[in-house]
Every structure is written in structure tokens, then in C-alpha cells.
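Each chain, written out:
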Amino acid sequence: MTPILHHYPTSPFAELVRMALGLKGLAWQSVTIPRIAPKPDLAALTGGYIRTPVLQIGADIYCDTAAILAALEGFAPTPSYYPAPLGALHVMIANWAAGPQFRAHVGAAMGAMPEGALDGAFVADRKARFGLDLGQLGKAAPQLAAQTRVAALWLSQTLTDGRAFIGGEAPGHGDLALAANIWFVRSVPFAKANAEALTGLPHVADWFGRMAALGHGTPTEISAAEAIDIARAATPSDVAGGIEAPFSHGQMVRIQTEGSGDAPVEGALLKADSTGITLSRTDPRAGAVHVHFPRIGQFIIA
Ligand SMILES: N[C@@H](CCC(=O)N[C@@H](CS)C(=O)NCC(=O)O)C(=O)O
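### Points about helix α3 (residues 65–75)
Piece 1. Within the sequence span of α3, burial applies to Thr 65, Ala 67, Ile 68, Leu 69, Ala 71, Leu 72 and Glu 73.
Piece 2. The secondary structure elements touched by the buried residues of α3 are α1 (12–23), β3 (54–57), β4 (60–63), α8 (173–187) and β9 (287–293).
Piece 3. Of the residues that open α3, the one with a side-chain oxygen 2.8 Å from the backbone nitrogen of Ala 66 is Asp 64.

### So, the pattern of salt bridges
Piece 1. Under the criterion given, the structure shown has twelve salt bridges.
Piece 2. The residue Glu 15 makes a salt bridge to Arg 18 at a minimum N-O spacing of 2.9 Å. Of this pair, Glu 15 and Arg 18 both sit in helix α1, separated by three residues, roughly a single helical turn. A single burial state applies to Glu 15 and to Arg 18, both of which are buried.
Piece 3. Put simply, Asp 119 and Arg 35 hold a salt bridge, and the shortest N to O gap is 3.6 Å. Note that Asp 119 is positioned in the loop between α5 (100–110) and α6 (120–130) and Arg 35 in the loop between β2 (27–32) and α2 (40–46), a separation of 84 residues in sequence.
Piece 4. Since its relative accessible area comes to 41%, Asp 119 is described here as partly exposed.
Piece 5. On the accessibility criterion, Arg 35 (31% relative accessible area) is partly exposed.

### Some words on the environment of Val 239
Piece 1. Tracing the chain through its elements places Val 239 in the loop between α11 (224–233) and β6 (252–257).
Piece 2. The partly exposed category is assigned to Val 239, whose relative accessible area is 29%.
Piece 3. Not counting the four nearest positions on each side in its chain, Val 239 is found in contact with Leu 270, Lys 271, Thr 278 and His 290.

Reading the values: rules and limits
- Residues numbered from 1 in each chain as written.
- Predicted model: local features only at pLDDT ≥ 70, side-chain atom pairs only at ≥ 80, totals over all residues.
- Heavy atoms only, no water.
- Buried < 20%, exposed > 50% of the residue type's maximum accessible area, 1.4 Å probe, protein only.
- Helix = DSSP H or I, 4+ residues; strand = E, 2+ residues; numbered from the N terminus.
- Contact = heavy atoms within 4.5 Å.
- Polar contact = N/O pair within 3.5 Å; in protein donor to acceptor, adjacent residues only side chain to side chain.
- Salt bridge = Lys/Arg side-chain N within 4 Å of Asp/Glu carboxyl O.

Structural data, given as C-alpha cells:
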């Protein structure tokens, strides 16, 4: 079964996963999704989660980069996203980079954009779904850019002893998340000065070059309809794991992503433990699917 990534080119979280596919040298199928709501084809697979990216392996649907990397680690264990000596510390670093530091990088990337540089539909979508206020972001941008320089300084200091990646000679999830943030700032022409302030620190540009050299693996473009057909023809994989109190196995619940106005995903609870949450649902187009979420960042609503 070939992994299918649902994504669009300018998404930094999608870039994290594209680099992750490159790190493992994987062949994958690519579905280009819309940048803004509605995304009916993606929702047919996920049950309503329409953030970017989403990974599909047959009838298993993985929402959020945390669930996606865990799935790819199981799909192709070597080389690992969690090489020694950092191991699970990689995922802690990635959570910090993808959380508070991501917000700072949004400021550094988008805060200096002149009015009108972004299309109106995109601005309205992000305001309605995530409360993004470009006026406020513009005012906060210089300080948010200053905060991104702290992350880059810590990265620079980490690399001072000559190591190739943050944990040594092998790249991991932490490197991917830090690199995706810098990639985002570099991808916006108006943010050139902010990007150069990050990659101008000692060792950072060389490290970023090594991350970019991982490539994206080998993608083949397919349509959203083909991806839905693949899900319908497949059987979701067995789920092992516990159910945290007060929930019960098979209970109908909704999964709400924190900080998002998007509709929750409804389904029967198959797993809710520290390794993640899995729902079973049946879609008129995609058939029986299992939808997987990370535990962090999600609320289970009975
Ligand atoms: N925690 C999520 C965050 C993903 C995220 O915020 N992605 C952005 C794009 S980079 C998004 O969903 N934007 C709205 C959209 O694409 O509809 C993850 O790690 O995957």
C-alpha cells in the first residue's frame, strides 16, 4: 500500500511531511487539496478534519503531522525519525517547534506582507476558522520575528560542536519541525530579511542545506477521487490500544481540534491513549475508514 499525502505546496506542515518522506526515501502518492474551506473530498476521508496535511494509507487516515509521522515510522521503521541519543526528545522538540514557535514563525513570515498581498478569500478563511487578524499580526510581527531568532540561536548553539543534525549524525523529527518553520519564512519573498536573520547564524544555513538535501522522496500525483476509491477498496487496519476514562470502546464521540473553528469529527471510539486517538466511521463515498489523531491538541467530546 502506497502512502498518499493530501496537501498543497505552500503549507509548512505539509513541507515537514514531504521532508519526512524524503528522509525515509519513500515513494508516495500526492493529492493536491484546496488551501481553504470547503474541502469535501478531504472531508469524505477524515469526517470533517480539513487541516493540512493529512496522510492516507489505504482506509487509514492520519490527521496532524504528529499522527502522520507516527504512522510513517510504523510503515517504514528505518531510518528512524527518532534516532539515538535524542529518541523521543525529538518529538518533544517538534511539539515546541510546531506549537509556540510556529505562531512566531507565522508572524515572521506573514507579518510584513503589504495589504492586498494575500487573496481576500484566504484571509477570510483563516479569520473565520482560526481567528487570524492580519492587522494585529502586522503589529506583533517585529516581536514575533525576534522570538524566531531565539529558536535559531538555540539551533546554532546546538550545532556548534560540528554535529550534522540536532542529535548527531542522523536527522529526526525535531530537525524536520525546526526546518519546516525556517522553510516557511524563507518561502515568503516579503520576509527575506527575517529569513536571512535565521539562516545567517553560524551553522544554520549548512544544517538547513542538509535538511533540504533530504528531498521529498518520490511523489506521483493522483486525483482526490482516486484516493477515495483506494480507501473504499481497502480495509482499515486493526487497532490496538486502551480507552481513557470516562470513555468506552465503541462509544460515539466527536473529536475537536483545539484552536480551530472547524467542525468536529464524529465516529466510534476504538482507541484513546497516550499513543493517540482512533475513530471508526463509515462514509458514503470512502466506505469504512479509521481516522487517527494524536492525543495532544485534541478533545474528545461525548
Ligand atoms: N497541528 C497540525 C497543524 C496543521 C496546520 O495548522 N496546517 C495549516 C496549513 S500549514 C492549516 O491547516 N491551515 C488551514 C488549511 O490548510 O485549511 C499539524 O501538525 O498537522
